Amino acid sequence: QLEEGKRMIKERPDLMSVYEIQQVADSYGKGTAKYIECLQAGVKAYPQDITMLNNAALALIEAGRTQEAIALLQKAPQDASLQNLLGVAYMKAGDADLASRAFRQAAAAGNGQAQQNLHALEAVTEYYAE
């Protein structure tokens, strides 16, 4: 069944569930090029799926492909957890202003992690301002 999934993800990922796509991606090993490729195929098939978008963006960030993650998250549906992840991506890209804006938006939408990230960002910014 995994072999069929590996074939289908190349041809018709839209016929697979998000769970099945994730299983195929996981079979390649987290962080590998094939893993990321599968998650990107999943995002194309399910552009509104928060979990799929989160996993793909996180994989891109972890692979150092921050600008790709930012582009993906900028087009994502409004979701506090994705907005927080966008803030993280902006931080990794060295853009504290955009990171702060993303964290504030996510925190306002109820994401506690974003509030923590915002406080950490403000503390670091204050430290370097002194």
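This text goes with the structure placed above it.
Sequence order as written defines residue numbering, which begins from 1 separately in each chain. Only residues with pLDDT of at least 70 are given local features in this predicted model, and only at 80 or more are side-chain atom pairs given and counted; all residues enter the totals for whole chains, interfaces and linings. For side-chain calculations, the full set of non-hydrogen atoms in the structure is used, while hydrogens and water are omitted.

Colleague: If you had to explain the overall build of the chain to someone new, which residues and values would you point to?
Modeller: From N to C terminus, the chain includes eight helices and zero strands. In DSSP terms, a helix is any run of H or I states spanning at least four residues, a strand is any run of E spanning at least two, and both are numbered starting from the N terminus. Starting at the N terminus and walking to the C terminus, you meet the elements of the chain as α-α-α-α-α-α-α-α. Judged by the C-alpha coordinates and their principal axes, the chain covers about 60 × 25 × 20 Å. Expressed as a percentage of its 130 residues, the buried residues of the chain come to 38%. A contact between two residues is defined here by any heavy atoms of the two lying within 4.5 Å. The long-range fraction of contacts in the chain, counting pairs at least 24 apart against all pairs at least 6 apart in sequence, stands at 39%. Exposure categories follow from relative accessible area, calculated using a 1.4 Å probe and restricted to protein chains: below 20% of the type maximum is buried, above 50% is exposed, and the middle band is partly exposed.

Colleague: Give a description of the packing of aromatic side chains that names residues and reports values.
Modeller: Working definition: an aromatic ring pair is given by the centre-to-centre distance plus the angle between the planes. Planes of paired rings set the category: under 30 degrees apart is stacked, over 60 is edge-to-face and the rest tilted, where pairs are Phe, Tyr or Trp rings (Trp by its six-membered ring) whose centres lie within 6.5 Å. Under the definition given, this model contains zero aromatic pairs. When the NZ atom of lysine or the CZ atom of arginine is within 6 Å of a ring's centre and also within 35 degrees of its normal, the charge is said to sit over that ring. Its guanidinium or amino end placed over the ring of Tyr28, Lys6 lies 4.7 Å from that ring's centre, counting from NZ or CZ.

Colleague: Summarise the packing of helix 6 (residues 80–92) against helix 7 (residues 96–108); cite the residues concerned and give the values.
Modeller: Lines fitted to C-alpha atoms define the axes, with helix axes restricted to the stretch in contact, and inter-axis angles between N-to-C directions lie between 0 and 180 degrees. Contact geometry of helix 6 with helix 7 gives a least axis separation of 8 Å together with a crossing angle of 165°. Our classification of the angle between helix 6 and helix 7 gives roughly antiparallel. Viewed along their axes, helix 6 and helix 7 form a crossing whose handedness is left-handed. Two secondary-structure elements touch here, helix 6 through Ala80, Gln83, Asn84, Leu86, Gly87, Val88, Tyr90 and Met91 and helix 7 through Ala96, Leu98, Ala99, Ala102, Phe103, Gln105 and Ala106. Here the term charged refers only to Asp, Glu, Lys and Arg, the term nonpolar to Ala, Val, Leu, Ile, Met, Phe, Trp, Tyr, Cys and Pro, and the term polar to all other amino acids, Gly among them. Considered class by class, the residues forming the contact of helix 6 with helix 7 number 11 nonpolar, four polar and no charged. Angles are sorted into four bins: roughly parallel if under 35 degrees, roughly antiparallel if over 145, roughly perpendicular if 65 to 115, and oblique for all others. Note on convention: near helix rotated counterclockwise from far helix by under a right angle means a left-handed crossing. Clockwise means right-handed.

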